[in-house]
Amino acid sequence: MSTSVKLTSMAKAAGCAAKLNPATLDAVLRRLPKQTDPNVLVGFDTNDDAGIYQVSPDIALVQTVDFFTPIADDPFTFGQIAAANSLSDVYAMGGRPVTALSILAFPERGDTEILEAIVSGGLSKMREAGCSVVGGHSIRDEEIKFGYAVTGLVHPAKFWKNVGARPGDALIFTKPLGTGVIITALKRGAAPEGAVSAALDSMTRLNRDASEALIESIQPDAIHAVTDVTGFGLLGHAREMALGHPAAGISPVSFDIDHAAIEYLPGAIEAARACNESGGLVNNRAFIGDCVEFDAAVPEEFRRLLFDPQTSGGLLIALPPEASERASASLRQRGIAACQIGRVVEKRSPLIRIS
């Protein structure tokens, strides 16, 4: 390996598209025993973005881990994206990241300049987030993988979950879609430079500003549900949000989403129209497809984009219409082009309807 090698050409699947098939993961998690520690406020049983563990009346830990294969050819940029993606789950819970441990897999005879650039890129984003990297672990592996285990802080009564959306809520999304199809096109040598640049800019942007805008402008109890959209695509994460958590008294709801209201990255529609489908997109569609109904007029390329795995994607937020106006204004003040993409309705079949 040398500095002239394109990192994405070395990965079978790039970024969050490398996630396990959601059907496989779901089947395993359902068979695991329930948590019994009362300090576990959010565990793996709810498929939330991060875990929450209470350590005092006023402090809870937000804990998450995320790593993946190269999503960018430039190693420094890959490190930045891996860090931004790892931090995102803390922001999606309303937390503030404080420490991180790096996770690295790298070829034994790999170019150390590439290794240094990856780690440096990650560190640059951690510094931007005010998060201290305090250690890590590495192994030899012919396929590069990089990411972080991140710990954040949040008040035990003020964190967000990915369930709790209520009928009448507005659905706001904070980043454009399309990173998966664009990077798949890049791996095939068919992605325009402008499209790749826009995708990289989006993936390296922290969700910190979006999270802080919500915290500053909206009362905690007015934010009913938040999740960050990553490997399971917009519809996969929307499905988790809509299903609720009946065992915890959070009833399921349904979503109406307008595909035309969603912002797409430059070149994403063209990449989707050219059938740049990753394995993750195919898996998402197979797992989620039965929950979704598309109006006949929705073109196939937009259907692909809604199942497309995102890396370091935006926040999907459910909140009352009156609060959504304040949230949108606060987001715009921070330069975030958030858009209302749909609404929450009473539970019905199909779970999610796309117009």
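Residues numbered from 1 in each chain as written. Predicted model: local features only at pLDDT ≥ 70, side-chain atom pairs only at ≥ 80, totals over all residues. Heavy atoms only, no water.

Trainee: How should I be thinking about the overall build of the protein in this particular structure?
Mentor: Looking only at helices and strands, the protein features 11 helices and 13 strands. Relative to the compact-globule value of 20 Å for 355 residues, the protein shows a C-alpha radius of gyration of 19 Å, a close match. Along the first, second and third principal axes, the C-alpha set of the protein runs to 55 × 55 × 45 Å. Partitioning the contacts of the protein with sequence separation of at least 6, the portion at a separation of at least 24 is 85%. Accessible surface, the protein: about 14,900 Å² in total, of which carbon and sulfur atoms supply 52%. For the protein, the centre of its 32 positive side-chain charges and the centre of its 41 negative side-chain charges are spaced 3 Å apart. (Helix = DSSP H or I, 4+ residues; strand = E, 2+ residues; numbered from the N terminus. Rg over C-alpha atoms; globule rule 2.2 N^0.38 Å. Contact = heavy atoms within 4.5 Å. Areas by Shrake-Rupley, 256 points an atom, 1.4 Å probe, with all protein chains shown as cover. Lys, Arg positive; Asp, Glu negative; His and termini not counted. Charge placed at Lys NZ, Arg CZ, Asp CG, Glu CD.)

Trainee: I tried to follow unusual backbone geometry on my own but got confused; where do I start?
Mentor: Keep in mind that most residues, glycine aside, have a negative phi and that most peptide bonds are trans. Note that the residue after S349, namely P350, is joined by a cis bond; omega there is 5°. Among the structural elements, P350 can be located in the loop between β12 (339-345) and β13 (352-354). Here C275, not a glycine, exhibits a phi torsion of approximately 65°, which is positive. If you trace the backbone, C275 turns up in the loop between α8 (268-273) and α9 (279-288). Here the phi dihedral of S312 falls at roughly 50°; this positive angle occurs in a residue that is not glycine.

Trainee: Teacher, can you tell me more about the packing of aromatic side chains here?
Mentor: Here the distance between the centres and the angle between the planes together describe a pair of aromatic rings. Evaluated as defined, the whole model comprises 5 aromatic pairs. A centroid spacing of 6.2 Å and a plane angle of 40° characterise the contact between F68 and F78, whose relative ring orientation is tilted. Pair noted here: F68 is in strand β3 (residues 59-68) and F78 is in helix α2 (residues 75-92), with a separation of 10 residues, a long-range link. Look at F78 and F146: their rings are 6.4 Å apart centre to centre, the planes differ by 65°, and that puts the pair in the edge-to-face class. Residue F78 is found in helix α2, and its partner F146 is found in strand β6 (residues 145-154); the two are separated by 68 residues along the sequence. Given a relative accessible area of 1%, F146 falls into the buried group. (Phe/Tyr/Trp six-rings, centres within 6.5 Å; stacked < 30°, edge-to-face > 60°. Buried < 20%, exposed > 50% of the residue type's maximum accessible area, 1.4 Å probe, protein only.)

Trainee: For this particular structure, what's the right way to read helix α5 (residues 193-204)?
Mentor: Side chains three or four residues apart in an α-helix point the same way, a direct result of the helix having 3.6 residues per turn. An ideal rise of 1.5 Å per residue puts 16 Å on 12 residues; α5 measures up with 16 Å between its terminal C-alpha atoms. Where α5 is buried, its residues contact α2, α3 (112-129) and α4 (179-187). (Expected span 1.5 Å × (residues − 1).)

Trainee: Explanation requested: the sheet that holds strand β7 (residues 170-173) in the structure shown.
Mentor: Each strand in a sheet pairs with another by means of backbone hydrogen bonds, the pair being arranged parallel or else antiparallel. As summarised here, the arrangement of the 7 strands in space is β8-β11-β7-β12-β9-β13-β10, forming an open sheet in which the pairing is mixed. Looking along the sheet, the strands with just one partner apiece sit at the ends: β8 (225-228) and β10 (292-294). Averaged over all pairs of adjacent strands, the angle between strand axes in this sheet comes to 20°, irrespective of strand direction. Summarising the sheet, β7 and strand β11 (residues 315-319) pair through 4 bridges and their orientation is antiparallel. Bridging from a neighbouring strand, F173 pairs with L316 of β11. The strands touched by helix α7 (residues 233-243) within the sheet are β7, β8, β9 (254-257), β10, β11, β12 and β13, with β8 carrying the most contacts at an inclination of about 150°. (Pairing = 2+ DSSP bridges. Axes fitted to C-alpha atoms, helices over the stretch in contact; angles between N-to-C directions.)

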